[in-house]
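Chains, contacts and geometry: an overview
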Amino acid sequence: MFGFWRLWLLATVLAIGWALLCFALTHDRRYLRRALAIARWSAGLLVVVSCFWLIFRLLR
């Protein structure tokens, strides 16, 4: 389970880093919106998976 979280964290950090690097190079605000969307989507998925994990642990 922790391998999944490490992989997810690595992918999220790389995607946000890519968007911020592109913004730094081009000053195009679309890349900031992409970074924000990636962060929101990642946080939402984290909440959903954590809720299912917690429910599973409580029912077990």
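It should be noted that the structure appears before, not after, this text.
Within each chain, residues carry numbers counting from 1 in the order of the written sequence. Side-chain atom pairs in this predicted model are given and counted only at pLDDT of 80 or more, local residue features only at pLDDT of at least 70, and totals for whole chains, interfaces and linings cover all residues. No hydrogens and no water enter the side-chain calculation; it runs on all heavy atoms of the structure.

**Some words on the overall build of the chain**
A tally of regular secondary structure across the chain gives two helices and zero strands. On C-alpha atoms alone, the chain measures out to a radius of gyration of 15 Å, which is more than a quarter above the 10 Å that the 2.2 N^0.38 rule sets for 60 residues. For the C-alpha atoms alone, the extent of the chain along its principal axes is close to 50 × 20 × 5 Å. Partly exposed residues are those whose accessible area sits between 20% and 50% of the maximum for their type, while under 20% is buried and over 50% is exposed, using a 1.4 Å probe and protein chains only. A burial count over the chain gives 10% of its 60 residues as buried. The helix and strand labels rest on DSSP assignments: H or I over at least four residues marks a helix, E over at least two residues marks a strand, and numbering proceeds from the N terminus. In this setup the radius of gyration rests on C-alpha atoms only. A globule is expected at 2.2 Å times the number of residues raised to 0.38.

**Digging into unusual backbone geometry**
The backbone of H27 shows a phi angle near 60°, a positive value even though the residue is not glycine. Within the secondary structure layout, H27 lies in the loop between α1 (2-26) and α2 (29-59). According to the relative accessible area criterion, H27 is exposed, its value standing at 59%.

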